[in-house]
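What the coordinates show
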Amino acid sequence: MTPLAAQLATQIAATGPMSLGDYMAACLMHPEHGYYASRDPFGAGGDFVTAPEISQMFGELVGLCLAQCWLDQGAPAPFVLAELGPGRGTLMADLLRATRAVPGFHDALRLHLVETSPVLRTAQAATLGRGDVAWCDRVEDLPDMPLYLVANEFFDALPIRQFQRSGTGWRERVVGLEGDGLSLGIGPEAPRPELDHRLGDTSEGDIVETCAPGTVIAAEIGTRIADRGGAALIVDYGDWHALGDTFQAVAGHAHTDPLAAPGMADLTAHVDFEALALAATPAAYSRLCPQGTFLARLGIGARAEALAQGLSGGALDSHMAAFRRLTGADEMGTLFKVLSLMPPGAAPPPGLDP
Ligand code: SAH
């Protein structure tokens, strides 16, 4: 049993079963034993690899996309350039390098990273190597300015709750105890007015997921972008209008049982982009776009060719493999989607449709 499993078992024995949301929050962010709070999980030696860690092209194109939005909105200065959950800081480093040639962009930007993990804050500082980075725990803490923001594989890490349809009510899936070990259980049937809108598209036994922390963050971003201008690019796996159980654990690049080793595996759920888009009102939102299509429209093909010019042998092979991994339909190209938030009436960022 991990130290966190023992702690959670004691807590459940004293106060009863806990929601999946509380379980996920403890596993990911517990100050001592939490998955993100205590380690750097990225890369080949870690548990999973994200798009910016696969190739510099991802951060470069995201950066140029945001910079074009900034130009299209009249180049407001100063503005907040923010990233949610920047991991190792690789995306931001590539974004900053690619936008150096955009006149005025670097002079006007105020760089803010929203990151709760002390270990990853240290990694981000080392990757970026600049003195003007400000960190905060929450989007609410960002300065009140036009906001250009990116979040890659951030919303999937936020705690979700699951509810199983039972008549016109719902039963919450919870983490309880079986013997000494943690086990998945189900709570009593109760009405859930906040899920009334899901009575029409679900049937008996279906599971729906909610992510209150995600909708709160999307609402805050949407209000700021509608009031002050800006744009948000949200990239993640998931779909428009979620249905079913997508709660999963990954450790050492393989799926594992989410209850087996709390704090030692990455816990995620698919992102319900519709819930984020609706929560962001009064901001407008783009149509959900597959990552492969988005990157192709931004010119990843030409960028891949340009980078390939300087490569040969194994380096060229791995560059081309990275290109396929980011864009291929059987890899990240269709599983990952892009949503943007923008001011009401504004055109969507390059690469995305209204
Ligand atoms: N964007 C990065 C890392 C994604 S992993 C990449 O693409 O490589 C998720 C990131 O979100 C980690 O940096 C994690 O520490 C951070 N994170 C998770 N929950 C958070 C929260 N509630 N507030 C701020 N950061 C959070």
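Coordinates for the structure precede this section.
None of the values given here were measured: they were computed from a predicted structure.

Reading the values: the criteria
Residue numbering note: each chain is counted from 1, following its sequence as written. With the structure being a predicted model, the display of local features is reserved for residues of pLDDT at least 70 and the display and counting of side-chain atom pairs for 80 or more, all residues being used for whole-chain, interface and lining totals. To get the side-chain values, take all heavy atoms of the structure and skip hydrogens and water. Per the convention used, a helix needs a DSSP run of H or I reaching at least four residues, while a strand needs a run of E reaching at least two, with both numbered from the N terminus. Here the term cavity refers to a set of points on a 1 Å grid, laid over the protein atoms alone, in which a 1.4 Å probe fits but cannot get out; the term pocket refers to an open set having protein on both sides within 12 Å along at least five of seven lines, with lining residues being those that place an atom within 4 Å of a point. Grid points are joined across faces, edges and corners, and a volume is the space filled by probe spheres set on the points. In this classification, the charged set is Asp, Glu, Lys and Arg, the nonpolar set is Ala, Val, Leu, Ile, Met, Phe, Trp, Tyr, Cys and Pro, and all remaining amino acids, among them Gly, are polar. By convention in this text, a residue qualifies as near a molecule or strand provided that one of its non-hydrogen atoms is within 4 Å of it. For this analysis, a polar contact is any N or O atom pair within 3.5 Å, provided that within protein one partner can donate a hydrogen and the other can accept it, and provided that sequence-adjacent residues contribute only side-chain to side-chain pairs. For the area figures, the Shrake-Rupley method with a 1.4 Å probe applies, and any residue is considered shielded solely by the protein chains shown. Being in a pocket or cavity means that more than half of the molecule's atoms lie within 2 Å of its grid points. To sort residues, take the accessible area from a 1.4 Å probe on protein chains only and compare it with the maximum for the residue type: under 20% means buried, over 50% means exposed, and anything in between is partly exposed. For two strands to be treated as a pair, DSSP must find at least two bridges joining them. In these notes, a set of buried Ala, Val, Leu, Ile, Met, Phe, Trp, Tyr and Cys residues joined through side-chain atoms within 4.5 Å is what counts as a nonpolar core. Any two residues having at least one pair of non-hydrogen atoms within 4.5 Å are treated as being in contact. Only C-alpha atoms enter the line fits that serve as axes; for helices the fit covers just the stretch in contact. Angles between N-to-C directions range over 0 to 180 degrees. Planes of paired rings set the category: under 30 degrees apart is stacked, over 60 is edge-to-face and the rest tilted, where pairs are Phe, Tyr or Trp rings (Trp by its six-membered ring) whose centres lie within 6.5 Å. Salt bridges are identified by distance alone: a Lys or Arg side-chain nitrogen within 4 Å of an Asp or Glu carboxyl oxygen.

Considering unusual backbone geometry
Residue Pro-78 is bonded to the preceding Ala-77 through a cis peptide linkage, with omega at -5 degrees. Among the structural elements, Pro-78 can be located in the loop between α5 (56-72) and β2 (79-84).

Observations regarding the layout of surface pockets
Size it by volume and the largest pocket reaches roughly 670 Å³. Lining the largest pocket are 37 residues, and of these Met-29, Gly-85, Thr-116, Phe-154 and Leu-158 lie nearest its centre. Secondary structure elements with two or more residues in the lining of the largest pocket: α2 (20-29), α4 (51-54), β2, α6 (90-98) and α9 (212-228). With 4 residues, α2 is the largest single contributor of residues to the lining of the largest pocket. Its residues assigned to classes, the lining of the largest pocket comprises 20 nonpolar, 7 polar and 10 charged. For the second largest pocket, the calculated volume is near 540 Å³. In terms of lining, the second largest pocket is formed by 29 residues, of which the most central are Glu-209, Thr-210, Cys-211, Thr-215 and Ala-275. Taken together, the elements giving at least two residues each to the lining of the second largest pocket come down to β6 (161-166), β9 (207-210), α9, β14 (271-272) and α10 (273-279). Looking at the lining of the second largest pocket, the element that brings in the most residues is α10, giving 4 residues.

Comments concerning the site of the ligand
Around the ligand, the surrounding shell holds 18 residues, and the nearest of these are Met-29, Thr-50, Gly-85, Glu-115 and Asn-152. The backbone of Gly-87 places a nitrogen or oxygen atom 3.2 Å from an oxygen atom of the ligand. For the ligand, whose accessible area on its own is 570 Å², the fraction buried by protein is 93%. For the ligand, the cavity whose grid points lie within 2 Å of the majority of its atoms is the largest pocket.

Focus on the pairing of strand β17 (residues 336-342)
Summarising burial for β17: 7 of the 7 residues are buried, a large majority. Side chains of β17 alternate between two faces, with Phe-336, Val-338, Ser-340 and Met-342 and Lys-337, Leu-339 and Leu-341 buried alike. Pairing analysis gives 6 bridges linking strand β10 (residues 230-239) to β17, with the strands arranged antiparallel. Bridge pairing in β17 links Asp-236 to Lys-337. Across 2 bridges, the pairing between strand β15 (residues 284-285) and β17 is antiparallel.

Topic: the nonpolar core
Judged by nonpolar contacts, the single largest core of 45 residues is most densely connected at Leu-81, Leu-233 and Phe-294. For Phe-294, the residues in contact, after removing those within four places along its chain, are Cys-65, Leu-233, Cys-289, Val-338, Pro-350, Gly-351 and Leu-352. Among the nonpolar cores identified, the runner-up in size contains 27 residues, and Val-80, Phe-155, Ala-218 and Leu-341 belong to it.

Points about the sheet that holds strand β12 (residues 254-256)
Strand-to-strand pairing in sheets goes through backbone hydrogen bonds, with the strands running parallel or antiparallel. Ordered in space as β12-β11-β13, the 3 strands form an open sheet in which the pairing is antiparallel. Each edge of the sheet is formed by a strand with only one pairing partner; in this case those strands are β12 and β13 (266-268). Averaged over all pairs of adjacent strands, the angle between their axes in this sheet comes to 40 degrees, without regard to strand direction.

A look at α2
Every α-helical turn comprises 3.6 residues, leaving residues that sit three or four positions apart pointing alike. Within α2, 7 of the 10 residues are buried, which leaves the element mostly enclosed by the surrounding structure. If you check which residues of α2 are buried, you get Leu-20, Gly-21, Tyr-23, Met-24, Ala-26, Cys-27 and Leu-28.

A short note on the packing of aromatic side chains
Applying the stated criterion across every chain, the model contains 9 aromatic pairs. The interplanar angle of 85 degrees and the centroid separation of 5.2 Å between the aromatic rings of Tyr-237 and Phe-336 together place this pair among those described as edge-to-face. Here Tyr-237 is found in strand β10, whereas its partner Phe-336 is found in strand β17, with 99 residues between them in sequence. The pair Tyr-237 / Phe-336 is uniform in exposure class, with both members buried. Their ring planes at 40 degrees and their centres at 5.6 Å tell us that Trp-240 and Tyr-285 sit as a pair that is tilted. Residue Trp-240 is located in the loop between β10 and β11 (248-251), and its partner Tyr-285 is located in strand β15; the two are separated by 45 residues in the primary sequence.

Brief notes about the pattern of salt bridges
For the coordinates displayed, the defined rule picks out 17 salt bridges. Across the pair Arg-97 and Glu-60 runs a salt bridge, and its minimum N-O distance is 2.9 Å. Here Glu-60 lies in helix α5 and Arg-97 lies in helix α6, a separation of 37 residues in the sequence. Note on Arg-97: relative accessible area 33%, which makes it partly exposed. Residue classification places Glu-60 among the buried residues on the basis of a relative accessible area of 4%. Residue Arg-198 pairs with Asp-201 through a salt bridge whose shortest N-O separation is 3.0 Å. Given the relative accessible area of 30%, Asp-201 is considered partly exposed.

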